[in-house]
Amino acid sequence: MSYEDYVSGMFDITETESNARNDKATFEFFGFGYVDNDGLIQSTEVGKLIQNDRFDSEDFLKQLLKMHFPSKATEIGRNIPERKFVFPFEIILKILERFQYVNRYEMGFIFGCNGIEEIDKLYNAIEKFREQYNELPNKIDRTKCENIFKEIYKATYDIEPNVNTLCVNYGDAINRSLLYTGLFDVSERGNYTKVRVAEHAKKKVELLIKKYKFQKVDADNMKII
């Protein structure tokens, strides 16, 4: 579609405007692009790798390792208390190390965790969910699974969760991201999707857990905090 046809609004049969917004949000979220002071969309150095067809799973892994919230680029994480920050990938590595795998509901609990210092609270939430889930006579009873999740999430974080947002939308996005790194496997489907470290990647993931230091960079002053 030409630029003229696009702005005319007469040929937008595939909702290109909505798709463009989603693409922009995704690029900003993963650090592939940003909006400059003049309101123009620019590519970061890693974003240029995508443009030049040189982007691979290792580049994506590096982005996940750097990602932290609150984020100035996306304003995600504004609810996180002042002077706290969280590296989602660090949290995911920790729970997979402890539990070997996590299902869609269990992954949903990470969104209440505001930092690695709260990891025990997250562990306890997952342990409680898994215990009650395993006691269900019918584990495909979606309503009961969701009620267990909501009850434990509320008790853990004092927040009423939106199950569809946390466990489905966000959870699926995380699983797709993990798969793209080549370090993880996803099994089963729907609400019973499970993610675990791939057999061939266990040594590399072990090294990340034990050796990699998650450090926040002050983008304004280029200092490690």
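Presented here is a report on the structure given in the accompanying data block. (Residues numbered from 1 in each chain as written. Predicted model: local features only at pLDDT ≥ 70, side-chain atom pairs only at ≥ 80, totals over all residues. Heavy atoms only, no water.)

## So, the overall build of the protein
Move 1: Check the secondary structure of the protein and you find 10 helices and seven strands.
Move 2: Across the 225 residues of the protein, 39% fall into the buried class.
Move 3: In the protein, once contacts between residues fewer than 6 apart in sequence are set aside, the share between residues at least 24 apart is 51%.
Move 4: Counting only carbon and sulfur atoms, one obtains 49% of the accessible surface of the protein, whose full area is about 14100 Å². (Helix = DSSP H or I, 4+ residues; strand = E, 2+ residues; numbered from the N terminus. Buried < 20%, exposed > 50% of the residue type's maximum accessible area, 1.4 Å probe, protein only. Contact = heavy atoms within 4.5 Å. Areas by Shrake-Rupley, 256 points an atom, 1.4 Å probe, with all protein chains shown as cover.)

## Section: helix H7 (residues 119–135)
Move 1: The first and last C-alpha atoms of H7 sit 25 Å apart over 17 residues, in line with the 24 Å expected at 1.5 Å per residue.
Move 2: Turning to H7, its buried residues number three or more, namely Ile119, Leu122, Tyr123, Ala125, Ile126, Phe129, Arg130 and Tyr133. End-on, the buried residues of H7 take up no more than an arc of 160 degrees, which puts them together on one face. Across from the buried face of H7, at angles greater than 90 degrees, the exposed residues are Asp120, Glu131 and Glu135.
Move 3: Contact partners of the buried residues in H7: helix H5 (88–99), strand S3 (101–103), helix H6 (104–108) and helix H8 (142–157). (Expected span 1.5 Å × (residues − 1). Arc of directions from axis to C-beta.)

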